[in-house]
Amino acid sequence: MTEESQQDKLRQHFARRVTTQARVVLDTWQKLHENRDQAPAYREELVTASDKLVRYARRFEMDSHASAGSGVVEALACWQVGHALEGDISDNLDQAIESLRAITQRRTDQGNCAQRYRRTPVYIALSNSDLATRLIRQMDFFGFRASAFDSPEELVEASGLNKPETILMDVDFGGEPQSGIATAEVLQKHHETPVPIIFVSTEDGGIEIRLRASRCGGEEFFFPAMDPGQVIEKIESYTHGNNMEPYRVLVLDDSHAQARYTETVLKKAGMIAHVITDPMEIIHALDEFSPEIIILDMYMPGCTGMEIARVIRQQDRFHSVPIIYLSAEEDVGKQLQAMSLGGDDFLTKPIDPKHLVATLHNRGRRARSLLALMIRDSLTGLYNHTHTLHLLEQEIVRAGQKDQPLCFAMLDIDYFKQVNDTYGHPIGDRILRNLSMFLKQRLRKTDHIGRYGGEEFAIILPETGLDGATQVINEIRASFSELMQQAGNQEFSVTFSCGIADWRGDTAQALCERADRALYTSKSEGRNQVTQAGS
Ligand code: GH3
Ligand code: MG
């Protein structure tokens with residue numbers, strides 16, 4: 001390594017420390033901002049963090065950070081211990097924080113770009129700082145805000161201040177055998193629920209070490225090699241698990257008191273409950289609420305729960321939605337008969353709330369995984385071709401009703417065959433998953449993303465005009481092309497081409513065909529570009 005590049009590395013390394021500390025300041029301020037009424041409790045933390053920032057920034061000659069940090073320190077100096085944060089003092093602090101944010105944020109953080117950082121950070125505690133830097137760069141592309149640490153003390157301190165989403169840690173981080181695991185044990189004591197930790201080891205370690213790692217929150221144990229792509233996928237999967245959507249449960253019970261009671265139990269368990277007491281409202285409720293689980297009373301005036309279940313089952317859409325009977329009926333013969341008519345479970349009143357919630361969780365989880373098998377692609381987790389078209393049809397109806405724009409984009413990876421031929425099929429698969437995560441991270445929750453075919457993806461963008469959609473996809477195209485893909489020790493980049501069509505009152509099929517023609521134009525005009533469809 002030349003002296004110059006060594007210096008460059010060193011500079012980068014120090015710069016990272018300063019920006020990490022700046023983020024600690026911003027995160028602390030964020031916590032304060034969200035709990036303004038308890039602001040004095042965070043004062044001390046903010047003072048310590050910003051003092052440290054100024055010290056680091058001066059030491060490593062990062063002038064803009066030093067002066068923004070000093071701005072925060074000065075604003076804080078006017079805020080007396082134990083006093084509320086208000087008036088000029090509050091305004092000055094807001095301003096100082098804004099200046100710090102402006103210089104700390106990266107290019108992709110700014111403007112109305114589709115990407116937003118997740119609020120919780122990912123911490124990296126690896127002895128190999130080159131690898132840490134590479135990972136931070138890669139993770140940045142997927143919207144993860146990662147920070148690296150040099151010592152166990154710094155890691156423990158930062159984790160206490162701002163609980164990370166995940167920690168990636170060397171088993172011997174800190175330099176001693178198993179000192180990383182020991183650090184994890186200390187760090188987890190500060191949290192009620194453990195931080196998921198991905199351990200990396202250069203040695204197999206054996207069962208004792210793996211057990212110890214697993215007991216202190218170790219979710220993975222990577223040995224011998226760790227591929228950045230794999231790590232990012234793992235982290236993505238924890239985040240996905242954490243953000244589980246609440247179950248949507250429809251309750252039909254003619255007794256108002258029982259219905260309200262069930263509703264309270266469900267809401268307490270974090271589910272979304274919709275209650276009806278008139279069986280004749282069932283069809284309307286199914287359409288409006290789209291439940292994932294249905295709870296039915298057995299005996300109601302005018303009809304029985306079993307009859308209702310049969311009507312529900314007659315609709316394709318609700319063929320596999322779990323139906324749970326909740327009734328005072330204790331006759332096992334009648335219970336069995338009810339189950340044979342499309343019910344999945346039979347619970348007798350009075351029901352223990354814990355039992356009800358556990359049953360709903362089990363049924364809901366299973367129903368979701370079955371549904372996922374039906375509508376999602378197994379490699380990427382995106383919607384499959386059939387479901388994507390179904391969603392497109394739905395969105396067309398909605399756009400028509402609301403008189404709002406709608407766009408449909410088709411993406412195809414460039415020269416993908418060559419990627420497979422050069423690096424192998426498994427690397428090709430990884431790139432497909434990478435692109436799908438990339439899209440999920442950067443598009444809105446209301447956009448639908450599908451894997452249309454092999455290396456072809458489709459995106460439905462409701463309430464978006466042609467120019468807006470083109471801008472978003474073009475930004476994604478540009479940043480995806482900058483992403484370095486890994487295959488062993490080799491790095492390379494991959495691009496995609498895209499065609500976008502806006503809905504002009506035509507059918508789903510016509511819309512797809514126009515997007516496809518635009519995609520073809522992108523391909524024939526040199527690839528790695530986005531083309532808007534004509535009429
Ligand atoms: P172009 O830029 O014109 O799109 O060229 P291309 O090489 O991407 O297109 P082509 O249609 O010639 O090849 C597509 C390749 O995609 C061939 C196929 O092996 C690969 N492919 C399709 N599905 C998968 C998959 O699930 N996994 C992997 N690894 N490869 C796939
Ligand atoms: Mg292709």
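Predicted model only: the values in this text are computed from it and were never measured. (Residues numbered from 1 in each chain as written. Chains lettered and ligands numbered in written order. Predicted model: local features only at pLDDT ≥ 70, side-chain atom pairs only at ≥ 80, totals over all residues. Heavy atoms only, no water.)

A.B. asks: Describe in detail the overall build of the chain, supporting the description with residues and values.
C.D. replies: Of regular secondary structure, the chain possesses 19 helices and 19 strands. Along the longest, intermediate and shortest principal axes, the C-alpha atoms of the chain span 85 × 65 × 60 Å. The proportion of buried residues among the 535 residues of the chain is 51%. Within the chain, contacts between residues at least 6 apart in sequence are counted, and of these 65% link residues at least 24 apart. Surface accessibility of the chain: about 26,200 Å² in total, with carbon and sulfur atoms responsible for 50%. Each charge class in the chain was averaged separately, 58 positive and 77 negative side chains, and the resulting centres sit 1 Å apart. (Helix = DSSP H or I, 4+ residues; strand = E, 2+ residues; numbered from the N terminus. Buried < 20%, exposed > 50% of the residue type's maximum accessible area, 1.4 Å probe, protein only. Contact = heavy atoms within 4.5 Å. Areas by Shrake-Rupley, 256 points an atom, 1.4 Å probe, with all protein chains shown as cover. Lys, Arg positive; Asp, Glu negative; His and termini not counted. Charge placed at Lys NZ, Arg CZ, Asp CG, Glu CD.)

A.B. asks: Describe the site of ligand 1, and please don't skip the residues or the numbers.
C.D. replies: Of all residues adjacent to ligand 1, which total 16 residues, the nearest are F416, D429, R451, K523 and R527. One of the backbone N or O atoms of K417 is found 2.9 Å from an oxygen atom in ligand 1. Here an oxygen atom of ligand 1 and a side-chain polar atom of R451 are 2.7 Å apart. In the complex, the protein chains occlude 67% of the 660 Å² of accessible area that ligand 1 would expose alone. For the shell around ligand 1, the secondary structure elements donating two or more residues are β13 (406-413), α16 (416-423) and α17 (425-442). Looking at the shell around ligand 1, the element that brings in the most residues is α17, giving four residues. Tallied by class, the residues present in the shell around ligand 1 amount to four nonpolar, four polar and eight charged. (Near = heavy atom within 4 Å. Polar contact = N/O pair within 3.5 Å; in protein donor to acceptor, adjacent residues only side chain to side chain. Nonpolar A, V, L, I, M, F, W, Y, C, P; charged D, E, K, R; others polar.)

A.B. asks: Can you tell me about the sheet that holds strand β19 (residues 530-532), naming the residues and giving the values?
C.D. replies: The strand order across the open sheet built from five strands is β14-β15-β13-β18-β19, with neighbouring strands paired in mixed fashion. What marks the edges here is a single partner per strand, and that holds for β14 (448-453) and β19. Within this sheet the neighbouring strands show an average axis-to-axis angle of 20°, counted without direction. Pairing analysis gives five bridges linking β14 to strand β15 (residues 456-462), with the strands arranged antiparallel. Pairing of I449 across the sheet is with I459, part of β15. (Pairing = 2+ DSSP bridges. Axes fitted to C-alpha atoms, helices over the stretch in contact; angles between N-to-C directions.)

A.B. asks: So what's going on with the pattern of salt bridges? Residues and values would help.
C.D. replies: Between side chains of opposite charge, a pair can form when the charged atoms approach closely. Taken as a whole, this structure holds 25 salt bridges when the rule is applied. For E157, the salt bridge goes to K52, with nearest N and O atoms at 3.2 Å. On the criterion of sequence distance, the pair formed by E157 in helix α6 (residues 152-161) and K52 in helix α2 (residues 39-59) is long-range, its members being 105 residues apart. For K52, a relative accessible area of 14% translates into the label buried. Across the pair R212 and E185 runs a salt bridge whose closest N-O atoms are separated by 2.9 Å. Here R212 is found in helix α8 (residues 206-215), whereas its partner E185 is found in helix α7 (residues 179-188), with 27 residues between them in sequence. Take R212: its relative accessible area is 27%, and that puts it in the partly exposed class. The class of E185 is partly exposed, set by a relative accessible area of 30%. (Salt bridge = Lys/Arg side-chain N within 4 Å of Asp/Glu carboxyl O.)

A.B. asks: Break down unusual backbone geometry for me, citing the residues and quoting the values.
C.D. replies: Working note: non-glycine residues mostly have negative phi, and peptide bonds are mostly trans. In this structure, the amide linkage connecting K349 to the following residue, P350, adopts the cis form with an omega of -5°. Mapped onto the elements, P350 comes out in the loop between β12 (345-348) and α14 (353-375). A positive phi angle, near 50°, is found at E463, a position not held by glycine. Residue position: E463 is located in the loop between β15 and α18 (466-482). The partly exposed category is assigned to E463, whose relative accessible area is 48%. The backbone phi angle of N528 is positive, close to 50°, even though this residue is not glycine. With respect to the helices and strands, the residue N528 is situated in the loop between α19 (508-524) and β19.

A.B. asks: Quick rundown of the sheet that holds strand β11 (residues 323-327)? Include the residues and the values.
C.D. replies: Read from one edge of the open sheet, five strands run β7-β6-β8-β11-β12, paired in parallel fashion. If you trace the sheet from one side to the other, it starts and ends with β7 (272-276) and β12, each paired once. Taken over all neighbouring pairs, the strand axes of this sheet differ in orientation by 20° on average, direction set aside. As paired elements, strand β6 (residues 248-252) and β7 share five bridges and run parallel to each other. The residue of β7 that forms the bridge with L250 is H274. Together, β6, β7, β8 (293-297) and β11 form the strand contacts of helix α10 (residues 256-268), whose direction differs from that of β7 by roughly 175°.

A.B. asks: How would you sum up empty space enclosed by the protein? Please name residues and give values.
C.D. replies: Scanning all chains against the criterion turns up three cavities of 30 Å³ or more. Quantified by volume, the largest cavity comes out at close to 160 Å³. Around the largest cavity, the lining comprises 15 residues; the ones closest to its centre are T20, Q21, Y56, F149 and E154. Elements with a contribution of two residues or more to the lining of the largest cavity: α1 (3-34), α2 and α6. Sort the elements by how many residues they give to the lining of the largest cavity and α1 lands first, with six residues. Taken together, the residues of the lining of the largest cavity sort by class into six nonpolar, three polar and six charged. Shared between two domains, the lining of the largest cavity takes at least three residues from each, and those domains are domain 1 (11-104) and domain 2 (108-243). (1 Å grid on protein atoms, 1.4 Å probe; cavity = no way out; pocket = protein on both sides within 12 Å on 5 of 7 lines; lining within 4 Å. Points joined across faces, edges and corners; volume = space filled by probe spheres on them. Domains from an automatic or database assignment.)

A.B. asks: Tell me about the coordination of the magnesium ion (ligand 2), and name the residues and values.
C.D. replies: Octahedral metals with six donors have ideal donor angles of 90 or 180 degrees. Tetrahedral metals with four donors have an ideal donor angle of 109.5 degrees. D412 (OD), I413 (O) and E455 (OE) make up the full set of protein donors to the magnesium ion (ligand 2), lying at 2.0 to 2.2 Å. Within one chain, the residues donating to the magnesium ion (ligand 2) are spaced in sequence as D-I-x41-E. Like D412, the residue I413 is buried in the burial classification. (Donors = N, O, S within 2.8 Å, 3.2 Å for Na, K, Ca; no water.)

A.B. asks: Could you give an account of the UniProt feature "domain: Response regulatory" (unreviewed entry) in the chain, naming the residues involved and the relevant values?
C.D. replies: In this numbering, the UniProt entry assigns the feature "domain: Response regulatory" (unreviewed entry) to residues 121-239 and 248-364. Along residues 248-364 one finds 44% helix and 24% strand; the C-alpha atoms at either end are 9 Å apart. (UniProt positions renumbered as here; feature names shortened; annotations may be inferred.)

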